Amino acid sequence: MQMAMQSQVIKLFMPAMIRTEAAPRNLFRYRRRRPVRILYLMKTNMKTANRKTNQKRNPAREKEARPDSLQPRIEPTTLWDFPAQNYGGRRQGDTAYTGATPSHILWNLLQRYTEPDELVVDPMAGSGTTLDVARELGRRALGYDVNPTREDIFHVDSRKLPLESGKAAFVFVDPPYSTHVAYSDDPRCIGKLDAAEPEYYEAMDRVIGEIHRVLAPGRHMALYVSDSFVKGKGFYPIGFELFSLLRKRFVPIDIISVVRRNRTLTMGNYRKAAEEGGFFLRGFNYLFIMRKPLPPSAAGAAPSSKRRGGKPRR
Ligand SMILES: C[S@@+](CC[C@H](N)C(=O)[O-])C[C@H]1O[C@@H](n2cnc3c(N)ncnc32)[C@H](O)[C@@H]1O
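Reference entry: report on the structure contained in this document. The structure displayed is predicted, hence computed values, not measured ones.

**Digging into the overall build of the protein chain**
In terms of regular secondary structure, the protein chain is built from 11 helices and 10 strands. For the protein chain, long-range pairs separated by at least 24 residues make up 63% of all intrachain contacts whose partners lie at least 6 apart in sequence.

See the structure below:
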């Protein structure tokens, strides 16, 4: 019995012993030679355990410490999953707009890659999520769309932006993913082009070309997109295709996977169709983060800390 207890004690404190002493070649010899140390470790550990379990609970303090799930926070990993479309109990963009971007995404990107007063551009602004988040954070913002939903969005085809080259500090774009949503009757809407056809990628290549032109060298852009599966037609890896278009002009910084919270993903008939039909429902969107390279003449010079990006800014 006593032997069993002793070996339990040794098992429990072996890591601590190894940390404090050179690892014993023979554990039992070590135990016999240094019993005082083992007892000391056992005593202090029990004290700590008691302190933890006996702590008085303070519900008010616990509530304060609990993160409010609606508050935005810097995402440290490449997997983002947001509890709601908007943060802070406020409205950014319009949740009723089909295809509106979750505002947590913009908040994270702008915190990391921009400074107050800098210019943020969205060439496919939709309901204006980018503009609202940018202005909340004290950035300047310009939005364009062929179907402007509000007065501060310019009626423009993003294949030709009315903006001087190199003016934007950050560009965000969430384009149509093939023909799933009828955004407007405007024939220039890229949502009328099927991702099964080369025209969709040609159009997106021109949009990406304009994003590259208006972005200042050394600064960042992000493109948010989903792949597409059409029953009876097949799977279109739009993410990979657009990423290869981005790579022609930009340096990849990272790829984030954003969990889609679409209602259809939880609906029994959709899930059953996917199971029985041998296909998958789209569970995530890609968020590609890219940087515009510096011109060759400036490439040797180290970019300023402001230009390096990646560090959360308040
Ligand atoms: C996914 S939505 C953008 C959603 C937006 N980020 C938001 O949070 O509301 C895509 C947008 O691209 C716009 N669009 C499609 N083709 C366009 C084009 N050629 N030029 C500008 N905007 C275009 C559509 O009108 C639509 O508003």
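**So, the nonpolar core**
With 54 residues, the main nonpolar core has Leu110, Phe170, Val171, Met221, Ala222 and Leu223 as its most contacted residues. With seven residues, the top contributor of residues to this core is helix α7 (residues 198-214).

**What to know about the environment of glutamate 202**
Relative to the helices and strands, glutamate 202 is located in helix α7. With 12 C-beta atoms packed within 10 Å, glutamate 202 lands in the exposed category.

**Description of helix α8 (residues 238-247)**
Those residues of α8 lying buried are Ile238, Gly239, Leu242 and Leu246. Buried residues of α8, seen end-on, are gathered within an arc of 95° and therefore sit on one face of the element. Summarising the geometry of α8, the exposed residues directed more than 90 degrees from the buried face are Phe240, Ser244 and Arg247. In this fold, the buried residues of α8 make contact with α7, β6 (215-225), β7 (228-230), β8 (234-236) and β10 (284-291).

About the thresholds
Counting from 1, residues in each chain are numbered in the order their sequence is written. Given that this is a predicted model, residues contribute local features only at a pLDDT of at least 70 and side-chain atom pairs are listed and counted only at 80 or more, while totals for whole chains, interfaces and linings are drawn from all residues. Strands here mean DSSP runs of E at least two residues long; helices mean DSSP runs of H or I at least four residues long; both are numbered from the N terminus. Any residue pair is listed as a contact if its two C-beta atoms, each placed from the backbone, are within 7 Å. A set of buried residues qualifies as a nonpolar core if it consists of Ala, Val, Leu, Ile, Met, Phe, Trp, Tyr and Cys joined through C-beta atoms within 7 Å. Partly exposed residues are those falling between the two cut-offs: more than 12 but fewer than 20 other C-beta atoms within 10 Å of their own, whereas 20 or more means buried and 12 or fewer means exposed, with C-beta atoms placed from the backbone. Of all possible arcs, the one meant is that of the directions from the helix axis to the C-beta atoms.

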